[in-house]
Amino acid sequence: MERYFQQEIETMSRDEIRANQLEKLKWQVERVYENVPMYRERMQDMGVHPDDIKELSDISKLPFTTKQDLRDYYPFQLLAVHKKDIVRIQASSGTTGKQIVAGYTRNDLDQWSNGFARQLIAAGASNKSIVQVSYGYGLFTGGLGAHQGAEKIGAMVIPTSSGNTERQIRFMCDLGTTHLCCTPSYAMYLGETVKEMGVKNQLKLQAGIFGAEPWTEEMRRQIQDALGLKAYDVYGLTEIMGPGVSYECAAQSGMHICEDMFIAEIIDPETGEVLPEGSFGELVFSTITKEGQPLLRYRTRDLCRLDYETCSCGRTHVRMRKPAGRTDDMLIIRGVNVFPSQIEEVLLRNSIEVSPNYQIVVDRVNNTDTFDINVELSPRFRGDVDSEKRKLETQLRAQLGIGAKVHLLRPKSIERSEGKAKRVIDNRRLHD
Ligand code: DLL
């Protein structure tokens, strides 16, 4: 039977969700108009007043917020409360550029804990569970986000943080960890190391809660196999809230967005226009309960689709499909748009021969882009390396519309990540 952390919230009817969102949106818009000069000025420029928010669709009258705004108004100019009410700062540098920070009030932290607690309960955890948090602790939201959610449900928390992989595994065996929280790439690495240590039969793992980076169904199968657990996907971002903005239930057909805390929209990333229900586009969030650093219509740059059908688990909150990539992940190589996820798809189609550990290397030589893909062979590979390479190059050209040079490497030759995997090395930026 499904268990919920906050059943009355997680299973509200759509009408109740909408009424609740409208009320909170009005409250939030008034607050930011009063307290955040950037929003007041933008709204005045657009000729919008808080009183113009009469129904939910009026949200489209409000200004967008971008990552650049967080950089421009760094560190505290987007706070809607006095600095003394902020009890925590989290930050992200991202792969592209300057640091951004997010300030949380005590209430904000409590809400965030609820988000992750919902995920843990949906993944079968309880106050009897032993939760090992192997996300990095610190400015990155993974460690503390998972930690406070696990404390909220009264579980026993093991705050290992990431790294020191063999010790992690010894703890799992000795303490009987039931729930593991880390990035999917670190889970893969843990899986490989468990195999080398020959201790899989000593593990008591039931479920893993993995997020912070894109991962595929094939990776899910491999992680589940290697660690003997059910793997759940969790999503979040520093600017909005760490892990727990949305979370997977046992039905695993999308991640439920905490709609009592956020309003989600899908927009056309080019025009900014709101797209009809079910469309694929850029995910946008407005934080409707956040006190510290509330954001209106924050453009995540994550590309996905929303599904409003009630889920078989009984939860009513909208589900977001796995982000299929980011608008800023896109590489332009010799004028062609390339997403790492397209390359991953080809590699996974060939998962008998190659592993999903890969790295894209782009450079510019004599004013022409070079495009190389390093891929590890699977330990099971017994075929001919040259013909495998040619096969992959042909498939990649068909998928991408551009040629790449494939280099097949021995298993385990690409450096493993303890946090988010680094898939792209773009040396062109260094020369620019
Ligand atoms: O990655 C927060 C987090 C920590 C989420 C632990 C889940 C677990 P940032 O470092 O700010 O925050 O990165 C946010 O990571 O916009 C997505 O592009 C990507 N991302 C996060 N979760 C997922 C996921 C944390 N489950 C950015 N699937 C987001 C795909 C994800 N991409």
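Residues numbered from 1 in each chain as written. Predicted model: local features only at pLDDT ≥ 70, side-chain atom pairs only at ≥ 80, totals over all residues. Heavy atoms only, no water.

**Q** Got a minute to help me understand the sheet that holds strand β17 (residues 368-377) in this structure?
**A** In a beta sheet, neighbouring strands pair by backbone hydrogen bonds and run either parallel or antiparallel. With respect to topology, 4 strands assemble into an open sheet ordered β18-β17-β16-β19, the strand pairing being mixed. One side of each edge strand has no neighbouring strand; the edge strands of this open sheet are β18 (405-409) and β19 (424-426). Going across the sheet, the axis of each strand differs from the next one's by a mean of 20°, ignoring polarity. In this structure, strand β16 (residues 354-365) lies alongside β17, joined through 9 bridges in antiparallel fashion. By the bridge assignment for β17, I360 is matched with I373. (Pairing = 2+ DSSP bridges. Helix = DSSP H or I, 4+ residues; strand = E, 2+ residues; numbered from the N terminus. Axes fitted to C-alpha atoms, helices over the stretch in contact; angles between N-to-C directions.)

**Q** Mind showing me how you'd approach the site of the ligand here?
**A** Every one of the 20 residues lining the ligand counts as a neighbour, but D233, V234, T238, D302 and K420 are closest to it. Contact between the ligand and K420: an oxygen atom at 2.9 Å from a side-chain N or O atom of the residue. Where the shell around the ligand is concerned, the elements lending two or more residues are α6 (141-152) and β7 (230-237). Element by element, the count of residues in the shell around the ligand is highest for β7, at 5 residues. A breakdown of the residues in the shell around the ligand according to their chemical character gives 9 nonpolar, 5 polar and 6 charged. (Near = heavy atom within 4 Å. Polar contact = N/O pair within 3.5 Å; in protein donor to acceptor, adjacent residues only side chain to side chain. Nonpolar A, V, L, I, M, F, W, Y, C, P; charged D, E, K, R; others polar.)

**Q** How should the packing of aromatic side chains be read in this particular structure?
**A** Two numbers describe a pair of aromatic rings. These are the distance of the centres and the angle of the planes. According to the stated counting rule, one finds 6 aromatic pairs in the structure shown. Here Y104 and W112 contribute two aromatic rings whose centre-to-centre distance is 5.0 Å and whose plane-to-plane angle is 25°, an arrangement assigned as stacked. Look at Y104 and you get buried, because its relative accessible area is 0%. Taken together, Y235, F262 and F285 form an aromatic cluster joined through their ring pairs. Cation over ring: R220 sits above W215, and NZ or CZ is 5.6 Å from the ring centre. Stacked on the ring of F64, the Lys or Arg R299 has its end atom at 5.4 Å from the ring centre. (Phe/Tyr/Trp six-rings, centres within 6.5 Å; stacked < 30°, edge-to-face > 60°. Buried < 20%, exposed > 50% of the residue type's maximum accessible area, 1.4 Å probe, protein only. Lys NZ or Arg CZ within 6 Å of the ring centre and 35° of its normal.)

**Q** Looking at this structure, how should I read the sheet that holds strand β6 (residues 207-211)?
**A** With mixed pairing, 11 strands are arranged side by side in an open sheet as β4-β3-β5-β6-β7-β8-β9-β13-β12-β11-β10. Single-partner strands in this sheet number two, and they are β4 (156-158) and β10 (262-267). With 5 bridges joining them, strand β11 (residues 280-287) and strand β12 (residues 298-307) adopt antiparallel strand pairing. Note on β12: the bridge partner recorded for G281 is C304. In the packing of helix α7 (residues 165-175) onto the sheet, contacts are made with β3 (130-133), β4 and β5 (179-182), and the angle to β3 comes to roughly 175°. Lying over the sheet, helix α9 (residues 217-227) contacts β5, β6, β7 and β8 (241-248), oriented at roughly 125° with respect to β7. (Contact = heavy atoms within 4.5 Å.)

**Q** When you look at the environment of I158 in this model, what are you seeing that I'm missing?
**A** With respect to the helices and strands, the residue I158 is situated in strand β4. According to the relative accessible area criterion, I158 is buried, its value standing at 7%. The spacing of I158 and V131 is 27 residues in sequence and 6.0 Å in space, taken between C-alpha atoms. Setting aside anything within four residues of it in sequence, one finds I158 in contact with I130, V131, Q132, V133, L175 and T177.

**Q** Help me understand the environment of E10 in this model?
**A** Its place among the elements puts E10 in helix α1 (residues 7-10). Ignoring sequence-local partners within four residues, the contact set of E10 consists of Y4, F5, R118, Y247, G314, R315, T316 and H317. Polar contacts involving the side chain of E10 include one to the main-chain amide nitrogen of Q6, which spans 2.7 Å.

**Q** Please clarify how the packing of helix α8 (residues 184-197) against α9 should be interpreted in this entry.
**A** Packed helix pairs are characterised by how far apart their axes lie and by the angle those axes make with each other. One way to put it is that α8 packs onto α9 with a least axis distance of 9 Å and a crossing angle of 35°. In this structure, α8 meets α9 at a crossing whose hand is left-handed. For the pair formed by α8 and α9, the contact residues are P184, S185, A187, M188, L190, G191 and V194 on the first element and M219, Q222, I223, A226 and L227 on the second. Looking at the contact of α8 with α9 residue by residue, the class counts come to 9 nonpolar, 3 polar and no charged. (Left-handed = near helix turned anticlockwise from the far one by under 90°.)

**Q** Looking at this structure, I do not really get the side chain of Q21. What am I missing?
**A** Inspection of the secondary structure puts Q21 in helix α2 (residues 14-35). Residue Q21 is classed as buried on the basis of its relative accessible area, which comes to 3%. Those residues within four positions of Q21 in sequence are excluded, and the remaining contacts are L56, E259, F262, I263 and I288.

**Q** Can you walk me through empty space enclosed by the protein in this structure?
**A** Empty space left among the atoms is revealed by rolling a probe the size of a water molecule over them. Under the counting rule described, the total for this entry stands at 2 cavities of 30 Å³ or more. The wall of the largest cavity is formed by D108, Q111, W112, I240, M241, M261, F262, T289 and K290. The element contributing the most residues to the lining of the largest cavity is helix α5 (residues 106-122), with 3 residues. Residue composition of the lining of the largest cavity, by class: 5 nonpolar, 2 polar and 2 charged. When its volume is computed, the second largest cavity comes out at roughly 30 Å³. The wall of the second largest cavity is formed by L70, Y73, Y74, P75, L78, V101 and Q293. Residue composition of the lining of the second largest cavity, grouped by class: 6 nonpolar, 1 polar and no charged. (1 Å grid on protein atoms, 1.4 Å probe; cavity = no way out; pocket = protein on both sides within 12 Å on 5 of 7 lines; lining within 4 Å. Points joined across faces, edges and corners; volume = space filled by probe spheres on them.)

**Q** Would you mind showing me how to read the layout of surface pockets here?
**A** The space that makes up the second largest pocket amounts to roughly 750 Å³. If you go around the second largest pocket, you meet 27 residues; those closest to its centre are E192, K195, Q222, P379 and R380. Contributions of two or more residues to the lining of the second largest pocket are made by α8, α9, β16 and β17. Each residue belonging to the lining of the second largest pocket can be placed in one class, and the counts come to 10 nonpolar, 6 polar and 11 charged.

**Q** What am I meant to see in the packing of helix α10 (residues 340-349) against helix α11 (residues 385-400) here?
**A** Across the interface, α10 lies against α11 with an axial gap of 10 Å and an inter-helix angle of 140°. In terms of their interaxial angle, α10 and α11 are classed as oblique. Where α10 crosses over α11, the handedness of that crossing is right-handed. Where α10 approaches α11, its residues Q342, I343, E345, V346, L347 and R349 are matched on the opposing element by L392, Q395, L396, Q399 and L400. Looking at the contact of α10 with α11 residue by residue, the classes come out as 6 nonpolar, 3 polar and 2 charged. (Parallel < 35°, antiparallel > 145°, perpendicular 65-115°, else oblique.)

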